[in-house]
Amino acid sequence: MTGFAGHTGIEVTVTKRFKFSAAHHLPGVENCERVHGHTFYVEVGVTGEPDPVSGMVVDFEDIRSAWQHVEPLLDHQDLNEALGGRLWWETRESADAPPTTELVAVYLLRHFRAFVPATHVRLWEGDNNSAIAKVAGRELAV
Ligand SMILES: [Zn+2]
């Protein structure tokens, strides 16, 4: 019997979600200059074809394990201090890069990719605002 994704060209996106609370401030950005806090939701996605033996794209436990490595750095922290020097932004020195939702999403995607073949990270800042960092060339599953 056939029917695995590899035979059909179908990919599956698996996602797992985490939550953390943190403070930050964005120098020079009106309404964000003073220290304030958010509840952040992190959605990690792995897109691929299910393994022909396990039927899985990725083991959820591997994603959870990767999260546990980074959670203490973020949860109940001041992101300007906690991520100082860790954020990547090509136009500025990383020590000066502000912890925007965009740059933290990029940081998290790079972190997760050290553990699992993550293809996107969607970082929600509160209920309504999010940034999606994804591996170039990959479509985001809705
Ligand atoms: Zn903010």
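Refer to the structure printed above.
Rules and cut-offs
- Residues numbered from 1 in each chain as written.
- Predicted model: local features only at pLDDT ≥ 70, side-chain atom pairs only at ≥ 80, totals over all residues.
- Helix = DSSP H or I, 4+ residues; strand = E, 2+ residues; numbered from the N terminus.
- Buried ≥ 20, exposed ≤ 12 C-beta atoms within 10 Å, placed from the backbone.
- Contact = placed C-beta atoms within 7 Å.
- Core = buried A, V, L, I, M, F, W, Y, C linked by C-beta atoms within 7 Å.
- Pairing = 2+ DSSP bridges.
- Axes fitted to C-alpha atoms, helices over the stretch in contact; angles between N-to-C directions.

Visitor: Describe in detail the overall build of the chain, supporting the description with residues and values.
Guide: If you tally the helices and strands in the chain, you get four helices and five strands. Beginning at the N terminus, the succession of helices and strands in the chain can be written as α-β-β-α-β-α-α-β-β. For the chain, with 142 residues in total, the buried portion stands at 27%. Sequence separation of 24 or more characterises 57% of the internal contacts of the chain that already satisfy a separation of 6 or more.

Visitor: A description of the nonpolar core should follow, citing residues and the corresponding values.
Guide: Ranked by size, the top nonpolar core spans 29 residues in total, and within it Val104, Ala105, Leu108, Leu109, Val121 and Leu123 carry the most contacts. When contributions to this core are tallied by element, the ones reaching two or more residues are strand 1 (12-24), strand 2 (36-48), helix 2 (60-74), helix 4 (101-113) and strand 4 (120-125). In this structure Ala105 touches Val121, Leu123, Ala131, Ile132 and Ala133, once residues within four positions along its chain are discounted.

Visitor: Could you give me a rundown of the pairing of strand 5 (residues 129-134), with the residues and numbers involved?
Guide: Alignment of strand 4 against strand 5, held across six bridges, turns out to be antiparallel. Bridge assignment links Leu123 to a residue of strand 5, and that residue is Ala131. The antiparallel pairing of strand 4 with strand 5 creates a hairpin that spans three residues between the two strands, and Gly126 there sits at a positive phi of about 75°.

Visitor: An account of the sheet that holds strand 4 is needed here, citing residue identities and associated values.
Guide: The five strands lie next to each other as 3-1-2-4-5, forming an open sheet whose pairing is mixed. The open sheet has two edge strands with one neighbour each: strand 3 (77-78) and strand 5. With 13 bridges connecting them, strand 1 and strand 2 associate as antiparallel partners. Directly across from Lys16, in strand 2, lies its bridge partner Val44. Along the sheet, helix 2 contacts strand 1, strand 2 and strand 3; its crossing angle with strand 1, the most-contacted strand, is approximately 15°.

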